[in-house]
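What follows is each chain in one-letter form.
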Amino acid sequence: MGLSVVGVDRMAKHIARKDLRKLGDERVGILVQLSREAVKEGYNDRARRYVELARAICGKAQTEMPRDFRYCRKCLLPLVPGINCKVRLTGSKIVSECGCGTVWRMPYLKEQRK
Ligand SMILES: [Zn+2]
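Residues numbered from 1 in each chain as written. Predicted model: local features only at pLDDT ≥ 70, side-chain atom pairs only at ≥ 80, totals over all residues.

A. Geometry of the nonpolar core. If you look at the biggest cluster of nonpolar residues, it comprises 15 residues, and the most contacted ones within it are Ala-47, Tyr-50, Val-51, Ala-54 and Leu-77. Those elements that provide at least two residues to this core are helix 1 (10-40) and helix 2 (44-61). Among the elements that make up this core, the one with the highest residue count is helix 2 (five residues). Filtering out sequence-adjacent residues up to four positions away, Leu-77 remains in contact with Val-39, Asn-44, Ala-47, Arg-48, Val-51, Tyr-71, Cys-72, Asn-84 and Cys-98. (Core = buried A, V, L, I, M, F, W, Y, C linked by C-beta atoms within 7 Å. Buried ≥ 20, exposed ≤ 12 C-beta atoms within 10 Å, placed from the backbone. Helix = DSSP H or I, 4+ residues; strand = E, 2+ residues; numbered from the N terminus. Contact = placed C-beta atoms within 7 Å.)

Following this line, the structure appears as structure tokens:
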């Protein structure tokens, strides 16, 4: 599969790239949703496959994972609080712990900034 099938001139390539990204975003969005559902149903292997696919598409389509989608960088499972992820607030930090034992500490972002 390549871009060569869609056209050879510069304009065609430009459009193809834009379409590719749009298509990538859509696919990634679907995969992210599916992986969350898989975790909720207890299918971790399947969930991990979806995350792997989504990441592969991100690389190819030069797009990014949705901002609100969080997954463990170690075991590649989507983090679903209450299922495979514990979330605590300590002072000014959010502490998340994945089921595999990986822990993150993130500064608590204040949404309402004026
Ligand atoms: Zn993990």
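B. The arrangement of the pairing of strand 2 (residues 93-98) in detail. Two elements, strand 1 (residues 85-90) and strand 2, share six bridges in a ladder whose sense is antiparallel. In the sheet register, Thr-90 faces strand 2, and the bridge partner there is Lys-93. In terms of strand pairing, strand 2 meets strand 3 (residues 103-107) through five bridges, oriented antiparallel. Bridged to Ser-96 within strand 3 is Trp-104. (Pairing = 2+ DSSP bridges.)

C. Up close: the environment of Thr-90. One can find Thr-90 in strand 1. Given 9 C-beta atoms within a 10 Å radius, Thr-90 is considered exposed. Expressed as a C-alpha distance, the spacing of Thr-90 and Pro-107, which sit 17 residues apart in the sequence, is 9.7 Å.

D. Quick look at the sheet that holds strand 1. Pairing is antiparallel in the open sheet, where three strands are placed in the order 1-2-3. Edge positions in the sheet fall to strand 1 and strand 3, since each of these pairs with one other strand and no more. Going from strand to strand, the sheet's axes swing by 20° on average, the running direction of each strand aside. (Axes fitted to C-alpha atoms, helices over the stretch in contact; angles between N-to-C directions.)

E. Main features of the confidence of the model for the protein. For the protein, per-residue confidence averages 86 on the pLDDT scale, and 82% of positions sit at 70 or higher. By mean pLDDT, helix 1 is the weakest element of the protein at 87, and helix 2 is the strongest at 95. Every residue in residues 1-8 is under pLDDT 50, and counting partners more than four places away or in other chains gives seven contacts. (pLDDT = per-residue confidence, 0-100.)

F. Molecular detail of helix 2. Under the 1.5 Å per step criterion, the end-to-end length of helix 2 is 25 Å for 18 residues, consistent within 8% with the ideal 26 Å. Buried within helix 2 we find Ala-47, Tyr-50, Val-51, Ala-54 and Ile-57. Taken around the axis of helix 2, the buried residues stretch over an arc of 125°, which confines them to a single face. What points out from helix 2, more than 90 degrees from its buried face, is the exposed set Asp-45, Ala-56 and Gly-59. After helix 2 finishes, the residue Gln-62 shows a positive phi value of roughly 50°. (Expected span 1.5 Å × (residues − 1). Arc of directions from axis to C-beta.)

G. Local environment of the pairing of strand 3. With zero of five residues buried, strand 3 is to be regarded as a mostly surface element. Adjacent in sequence and paired antiparallel, strand 2 and strand 3 are bridged by four residues, among which Gly-101 carries a positive phi angle near 100°.

H. Region of the structure containing the environment of Arg-36. Structurally, the position occupied by Arg-36 is in helix 1. Separated by twelve residues in the primary sequence, Arg-36 and Arg-48 have C-alpha atoms spaced 9.7 Å apart.

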